[in-house]
Amino acid sequence: LLAHFNAEEETVTEKKGDTFIIRSADKTRYFNIEKNDENYITISGNIILEVNEEEKKTSHEIQADKLIYNQKQQLMTAEGSVMYTRKTGEKEEKYFGDKLTFNLEDWSGVFFNSISEKNIEMNQNEVTFFYSGERIFKSGKDVSVMENAVITSSEDPDNSYYRLKARKIWLM
């Protein structure tokens, strides 16, 4: 892909040690907006993108219908049937939603109409919690703010035995 667009590997990301691998895509396009001096890469159709942060021993996988990457601002937007998975050691977080926009410098971003799944150990048992919200804002320091949110350990939040529902929930 890089050879096709006459690009060097360093232009994909400014952070050293990170690896971007396009596992699947139907179409790619590289273009420049000269007025803003910004380069973009769009990827569409059955996308599976893997990003490995060697320094942090963290991997990110993004599945979506469309992905837009702004190289200058280090911003990435994924749209359509988005699934984002973050793995650090044995920990894994999953997000599912309509749209996701995030900054590659610190992986902060916002998920739209999203559900998150996270396993938490409680009393020596692993419990899967589901977080959903119209918008889930995630900072690079693992702080999340959810708007019009629901938290439960039931896979079906509407038919759960219990749930926490609020206009805004902060998770730290």
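Notes on the structure in this doc start here. (Residues numbered from 1 in each chain as written. Predicted model: local features only at pLDDT ≥ 70, side-chain atom pairs only at ≥ 80, totals over all residues. Heavy atoms only, no water.)

In this section: the pattern of salt bridges. In this structure the tally under the stated criterion is eight salt bridges. Between E53 and K56 there is a salt bridge, and its shortest N-O distance comes to 4.0 Å. Classification of E53 by relative accessible area gives buried; the value is 5%. Among the salt bridges present, the one from R86 reaches E93, with a minimum N-O distance of 3.7 Å. Of the two residues, R86 and E93, both sit in the buried class. When salt bridges that share partners are traced, they join R86, E93 and K138 into one network. (Salt bridge = Lys/Arg side-chain N within 4 Å of Asp/Glu carboxyl O. Buried < 20%, exposed > 50% of the residue type's maximum accessible area, 1.4 Å probe, protein only.)

Formed by 26 residues in total, the largest nonpolar core has its most connected members in I62, L67 and M76. Of all elements in the fold, only β3 (38–53), β4 (58–70), β5 (75–88), β6 (91–103), β8 (125–138) and β9 (144–152) reach the threshold of two or more residues within this core. If we ignore the near neighbours within four places in the chain, the residues touching L67 are I41, T42, I43, I47, L49, I62, M76, T77 and A78. (Core = buried A, V, L, I, M, F, W, Y, C linked by side-chain atoms within 4.5 Å. Helix = DSSP H or I, 4+ residues; strand = E, 2+ residues; numbered from the N terminus. Contact = heavy atoms within 4.5 Å.)

Another point: the pairing of β8. Where strand β7 (residues 108–122) and β8 come together, 13 bridges link them in antiparallel fashion. Following the sheet pairing, K118 is matched in β8 by F129. Of the pairings in the sheet, the one linking β8 to β9 comprises seven bridges and is antiparallel in character. Counterpart to Y131 in the pairing with β9 is I151. The antiparallel hairpin formed by β8 and β9 contains five residues in its connecting segment, where D142 sits at a positive phi of about 60 degrees. (Pairing = 2+ DSSP bridges.)

Moving on: the pairing of β7. In the sheet, β6 pairs with β7 via nine bridges, with the strands oriented antiparallel. Bridge assignment links L100 to a residue of β7, and that residue is F111. What sits between the antiparallel neighbours β6 and β7 is a turn of four residues, in which W107 has the positive phi angle 60 degrees. With antiparallel pairing between neighbouring strands as the criterion, β7 and β8 make up a hairpin whose turn holds two residues, including N123 at a positive phi of roughly 50 degrees.

Moving on: the packing of aromatic side chains. Per the stated rule, a full pass over the model turns up eight aromatic pairs. Ring geometry for Y84 versus W107: centroids 6.2 Å apart, planes at 20 degrees, classification stacked. Highlighted residues: Y84 in strand β5 and W107 in the loop between β6 and β7, separated in sequence by 23 residues. Since its relative accessible area comes to 5%, Y84 is described here as buried. Ring centres 5.9 Å apart and planes at 40 degrees place the aromatic pair Y84 and F111 in the tilted group. (Phe/Tyr/Trp six-rings, centres within 6.5 Å; stacked < 30°, edge-to-face > 60°.)

Further remarks concern the environment of Q63. With respect to the helices, strands and loops of the structure, Q63 is situated in strand β4. For Q63, a relative accessible area of 24% gives the class partly exposed. C-alpha of Q63 to C-alpha of I151: the two residues are 88 residues apart in sequence and 24 Å apart in space. Here Q63 is in contact with I47, I48, S81, V82 and M83, once residues within four sequence places are set aside. A polar contact is formed between the side chain of Q63 and the side chain of E61, at a distance of 2.8 Å. (Polar contact = N/O pair within 3.5 Å; in protein donor to acceptor, adjacent residues only side chain to side chain.)

Its place among the elements puts T85 in strand β5. Taking the relative accessible area as the measure of exposure, T85 reaches 7% and is therefore buried. Spatially, the C-alpha atom of T85 lies 8.1 Å from that of S59, the residues being 26 residues apart in sequence. In this view, T85 contacts S59, H60, E61, E92, E93 and K94; residues no more than four positions away in its chain are not counted.

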